[in-house]
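As a plain string of letters, each chain reads:
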Amino acid sequence: MQKVALVTGGMGGIGQAVCGQLAMLGFKVVATHTPGNAKVSAWQDFMREKMGGGAGFTGFAIPCDVADYDSCRACVETVEREVGPVDVLVNNAGITRDMTFRRMTRADWDAVIDTNLGSVFNMTRQVIDGMVERKWGRVINVSSVNAQKGAFGQTNYAAAKAGMHGFTKALALEVARYGVTVNTVSPGYIETPMTSVIPTEIMTSKVLPQIPVGRLGSPDEIAALVAYLVSDAAAYMTGADLSINGGMHMS
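Worth saying up front: this structure is predicted, and the values here are computed from it rather than measured. (Residues numbered from 1 in each chain as written. Predicted model: local features only at pLDDT ≥ 70, side-chain atom pairs only at ≥ 80, totals over all residues. Heavy atoms only, no water.)

**Considerations on the side chain of Asn146**
Right, on to step 1. Take Asn146: it is sitting in helix α5 (residues 145–149).
Right, on to step 2. A polar contact of 2.8 Å, which involves the side chain of Asn146, links it to the side chain of Gln154.
Right, on to step 3. When near neighbours in sequence (up to four residues on either side) are disregarded, Asn146 contacts Ala151, Gln154, Ala158 and Tyr189. (Helix = DSSP H or I, 4+ residues; strand = E, 2+ residues; numbered from the N terminus. Polar contact = N/O pair within 3.5 Å; in protein donor to acceptor, adjacent residues only side chain to side chain. Contact = heavy atoms within 4.5 Å.)

Given below as structure tokens:
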């Protein structure tokens, strides 16, 4: 039976690449997106190309506020009803509200914690029981190199992304005996719309010199790692935090 993969933030740079990779592996792929997202049509075209679908292909794209528990519950109920039970969950949705801590407001803190970390609970809670009952499942949490090393102006983001791996380790212990694995992927600087806003002079003088391989990563490289983690070949890997950052931070 064809497995179902649900990717939050599936229309961003990394999320779209992950969706495409999982589609090519034969998964039914569902992407969540913020209500009113204008990229839905472009994402469907991308998925049609990846899946070799004809003009009648309809990508599974579902609006969801991942920071809201009830919205996540409704989202998963829709997926299970219209597509099937969720076998793979990729918690990829994330935002930034960068500023020094002394300038940060409670709203800036809450927005990032709720979207980047609260969403991991909100979405995983909806699917974990089914994975345990079926004795197979994959949960992959997309964190960040900045959770591992810290980053100036990102106390909210670093805290949320570091919290994701604490969640990974604890849940991995609880569900390992049921054939369910939980892992974290921690990308470095990846060539996405989020990094494209970094001024060129900052990129060349501050960012790239920190990366031993001398370039940004590509979303496809992150997607390839996710593809391994969802495979049966990765059944013995759980509770891990896998760095993919060009050597920027080694632990």
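**A short note on the pattern of salt bridges**
Right, on to step 1. In total, this model carries six salt bridges according to the counting rule given.
Right, on to step 2. Between Arg48 and Asp45 there is a salt bridge, with the nearest N and O atoms lying 2.8 Å from each other. Of this pair, Arg48 and Asp45 both sit in helix α2 (residues 40–51), three residues apart, roughly one helical turn.
Right, on to step 3. Arg215 is paired through a salt bridge with Glu221; the nearest N and O atoms lie 2.8 Å apart.
Right, on to step 4. With a relative accessible area of 42%, Arg215 lands in the partly exposed category. (Salt bridge = Lys/Arg side-chain N within 4 Å of Asp/Glu carboxyl O. Buried < 20%, exposed > 50% of the residue type's maximum accessible area, 1.4 Å probe, protein only.)

**Some points on the nonpolar core**
Right, on to step 1. Counting residues in hydrophobic clusters, the biggest one holds 30 residues, and the most contacted among them are Val18, Leu22, Val29 and Val90.
Right, on to step 2. Looking at this core, the element that brings in the most residues is helix α1 (residues 13–24), giving six residues.
Right, on to step 3. In this structure Val90 touches Leu6, Val7, Thr8, Val18, Leu22, Ile140, Val142 and Val226, once residues within four positions along its chain are discounted.
Right, on to step 4. If you look at the next biggest cluster of nonpolar residues, it comprises 25 residues, including Val86, Met123, Val127 and Met131. (Core = buried A, V, L, I, M, F, W, Y, C linked by side-chain atoms within 4.5 Å.)

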